[in-house]
Amino acid sequence: MSDDLTRILAIETSCDETAAAVIAGGTTMLSNVIASQTELHARYGGVFPEVASRRHVEVIHAIVEEAMREAHIGFGDLDCVAVTRGPGLVGSLLVGVNMAKGLAVARNLPILGINHIEGHIYSLWLTEEAPHIRFPVLTLVVSGGHTEMYLMTDHGRYELLGAALDDAAGEAFDKVGRLLGLPFPGGPAIDRAAEKGNPAAFRFPRAVMEGGHGYDFSFSGLKTAVMRQVSQYHSPATMPTADLAASFQAAVVDVLVAKTAAAAEAVGATAVHIAGGVSANRALRATMRARLELPVRVPPPALCTDNAAMIGAAAHFHFIRGRRDSLDFDVVPSLQLV
Ligand code: KG4
Ligand code: ZN
């Protein structure tokens, strides 16, 4: 079978989205189905692991069936099953991995266990810009659990240039969202609230830029500074929420853009890719594009946050290079890319 006809069923259950997708030729989405649990977790103000894994169990079969139905193919038309094996919540990962293993055995299909971060990186191959991608590419992965900058020199080859020393960017958005009394998850809520705010209203710290730790990031001092400011107000009603949201967001974006620009120049990257949930942030996209001369590529919003299509895209490049995993691989909650 030629590479372009390779069809992969991908499953992603690393956190609170139950997702399945069918990818053809690595770049074409025949289907991409996502059941979000956001509403289920909103009452806890964060993802509740036990609740997440139970919900995955309840819906995974229906989601996989839906992905196959939308792709208009049968299991006999598949070449491979791919699944996220880490990083993520152990109970959530196990549901997807066990489902994938069951399918691989029952349908006699090869299986690939994929790194979730590599999935985010490959979300860029699902965009119409995919044919223009040339290595080396500087990729910034900014999600709820990760803030990492990689130099990607070829398919599957990464050098870690920098990472969050404390809170990930998305985690900072979610924590500050809670401080500001915004709904969970904080990232999209701050993005919306910031629209009506003044980003220069408060001068929050750009810690790592001023401290100068190479390409690493630190957002916990920023979160503390917002907390200190919030404590000045006697009630939520008197709090300038939009200004606080815009000023916090500007501080995060400034650091991400400054570090990315410096790294991209230092390593001679052909382009900058941004992936992961926080790459949906409109200020981050706009500022990165305004300040960098290189092409800046970002997936459409639906492919920024967790999905299975990106897992299928990453799996494709392993599959066509001959990789096959044995059925006894385990989930790895703290799996590293490099
Ligand atoms: O990639 P993702 O769906 O899950 C992880 O792998 O962590 O990322 C989720 C994170 C959350 O922290 C959420 O608040 C953040 O992405 N996020 C955003 C936006 N949309 C999602 N952060 C800032 N602005 C957004 N528009
Ligand atoms: Zn993710």
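Residues numbered from 1 in each chain as written. Chains lettered and ligands numbered in written order. Predicted model: local features only at pLDDT ≥ 70, side-chain atom pairs only at ≥ 80, totals over all residues. Heavy atoms only, no water.

1. So, the coordination of the zinc ion (ligand 2)
Inclusion rule: Note: metal donors comprise N, O and S atoms at 2.8 Å or less from the metal (3.2 Å for Na, K and Ca); water molecules are not included, so apparent gaps in a site are possible. Put simply, DSSP H or I for four residues or longer makes a helix, DSSP E for two residues or longer makes a strand, and each gets a number counted from the N terminus. Note on classification: 1.4 Å probe, protein chains only; a residue is buried when its accessible area is under 20% of the maximum for its type, exposed when over 50%, partly exposed between these limits.
Only His116 (NE2), His120 (NE2) and Asp306 (OD) from the protein reach the zinc ion (ligand 2) as donors, at distances of 2.0 to 2.1 Å. For the zinc ion (ligand 2), all donor residues lie on one chain, and their spacing in sequence is H-x3-H-x185-D. Here His120 and His116 lie together in helix 4 (residues 116–122), a separation of 4 residues that amounts to about one turn. We note that His116, like His120, is buried.

2. Focus on the sheet that holds strand 10 (residues 296–297)
Heads up, the condition is: The pairing criterion for strands is at least two bridges between them, as found by DSSP. Any pair of residues with heavy atoms lying within 4.5 Å of one another is described as a contacting pair. Axis definition: a line fitted to C-alpha atoms, over the contacting stretch in the case of helices. Angles run 0 to 180 degrees between N-to-C directions.
The mixed open sheet is built from 5 strands, whose spatial order is 8-7-6-9-10. What marks the edges here is a single partner per strand, and that holds for strand 8 (157–163) and strand 10. Pairing geometry for strand 6 (residues 137–142) and strand 9 (residues 271–275), over 5 bridges, is parallel. Across the sheet, residue Thr139 finds its bridge partner in strand 9, namely His273. Of the strands in this sheet, strand 6, strand 7 (147–154), strand 8 and strand 9 touch helix 9 (residues 241–267), which is tilted by about 155° from strand 6.

3. As for the site of ligand 1
Note the cut-off: When we say a residue is near a molecule or strand, we mean one of its heavy atoms is within 4 Å of it. Counted as a polar contact is a pair of N or O atoms within 3.5 Å, where, for protein atoms, one must be capable of donating a hydrogen and the other of accepting one, and residues adjacent in sequence contribute only when both atoms are in side chains. In short, Shrake-Rupley with a 1.4 Å probe defines the accessible areas, and a residue's cover is counted only from the protein chains shown. Note on residue categories: nonpolar means Ala, Val, Leu, Ile, Met, Phe, Trp, Tyr, Cys or Pro, charged means Asp, Glu, Lys or Arg, and polar means any other residue, Gly included.
Of all residues adjacent to ligand 1, which total 20 residues, the nearest are Gly144, Asp174, Asp191, Gly277 and Asp306. Within the side chain of His120, an N or O atom sits 3.1 Å from an oxygen atom of ligand 1. Take Asp174: an N or O atom from its side chain is 2.6 Å from an oxygen atom of ligand 1. Contact with the protein chains hides 88% of the accessible area of ligand 1, taken as 550 Å² for the molecule alone. Sorting the residues of the shell around ligand 1 by element identifies helix 4, helix 5 (169–179) and helix 6 (186–194) as the ones contributing at least two each. Residues that form the shell around ligand 1 fall into these classes: 6 nonpolar, 11 polar and 3 charged.

4. Section: the pairing of strand 3 (residues 28–36)
Pairing of strand 2 (residues 17–24) with strand 3 involves 8 bridges; the strand directions are antiparallel. Directly across from Ala21, in strand 3, lies its bridge partner Asn32. Hairpin connection, strand 2 to strand 3: the antiparallel pair is bridged by 3 residues, and Gly25 has positive phi, about 60°.

5. Notes on the domain arrangement of the protein chain
Frequently, the measure chosen for interface size is the accessible area that the parts lose on association. Just so we agree on the cut-off: In this entry, domain limits derive from an automatic or database-based domain assignment. When two components associate, each loses some accessible surface as probed by a 1.4 Å sphere; the sum of these losses over both components is called the buried area. Here, a salt bridge means any Lys or Arg side-chain nitrogen found within 4 Å of an Asp or Glu carboxyl oxygen.
Taken domain by domain, the protein chain consists of domain 1 (3–122 + 304–319) and domain 2 (134–298). A C-alpha centroid distance of 27 Å is found between domain 1 and domain 2. It is Ile117, Ile121 and Cys304 that lose the most area in domain 1 upon contact with domain 2, and together they represent 41% of the buried surface on that side. Counting across the domain 1 and domain 2 interface gives 0 salt bridges. For the pair domain 1 and domain 2, the interface holds 5 residue pairs in polar contact (both at pLDDT 80 or more). Broken down by secondary-structure element, the contributors of at least two residues to the side of domain 1 that touches domain 2 are helix 1 (38–42) and helix 4. Per-element tally for the side of domain 1 that touches domain 2: the top contributor is helix 4, with 5 residues.

6. Considerations on the environment of Phe219
Within the secondary structure layout, Phe219 lies in the loop between helix 7 (207–211) and helix 8 (220–230). Placed 13 residues apart in sequence, Phe219 and Arg206 show a C-alpha to C-alpha distance of 8.4 Å. When neighbours within four sequence positions are excluded, Phe219 is seen to be in contact with Thr147, Asp166, Asp167, Ala168, Ala169, Ala172, Val252, Val255 and Leu256.

7. Things to note about the nonpolar core
Definition in use: Take the buried residues of types Ala, Val, Leu, Ile, Met, Phe, Trp, Tyr and Cys, join any two whose side-chain atoms come within 4.5 Å, and each joined set is a nonpolar core.
Counting residues in each nonpolar core, the largest one holds 43 residues, and the members touching the most others are Phe204, Phe219, Phe248, Ile274 and Leu284. Secondary-structure elements contributing two or more residues to this core are strand 6, helix 5, helix 6, helix 8, helix 9, strand 9 and helix 10 (282–291). Ranked by the residues each element gives to this core, the list is headed by helix 9, at 12 residues. Sequence-distant contacts of Phe204, that is, excluding residues within four places in its chain, are made with Leu222, Ala225, Val226, Gln229, Leu244, Ser247, Phe248 and Ala251. Counting residues in each nonpolar core, the second largest holds 34 residues, with Ala10, Ile114, Leu303 and Ala315 among its members.

8. Things to note about the side chain of Thr139
Structurally, Thr139 is set in strand 6. Taking relative accessible area as the criterion, Thr139 reaches 0% and is therefore assigned buried. With near-sequence residues (within four places) excluded, Thr139 lies in contact with Ile121, Glu148, Met149, Tyr150, Met152 and His273.

9. Observations regarding the environment of Lys101
Note on placement: Lys101 falls in helix 3 (residues 90–107). The exposure class of Lys101 is buried, given its relative accessible area of 18%. Along the sequence, Lys101 and Arg297 sit 196 residues apart, while their C-alpha atoms lie 34 Å from each other. Leave out the neighbours within four places in its chain, and Lys101 touches Ile111, Leu327, Asp328 and Phe329.

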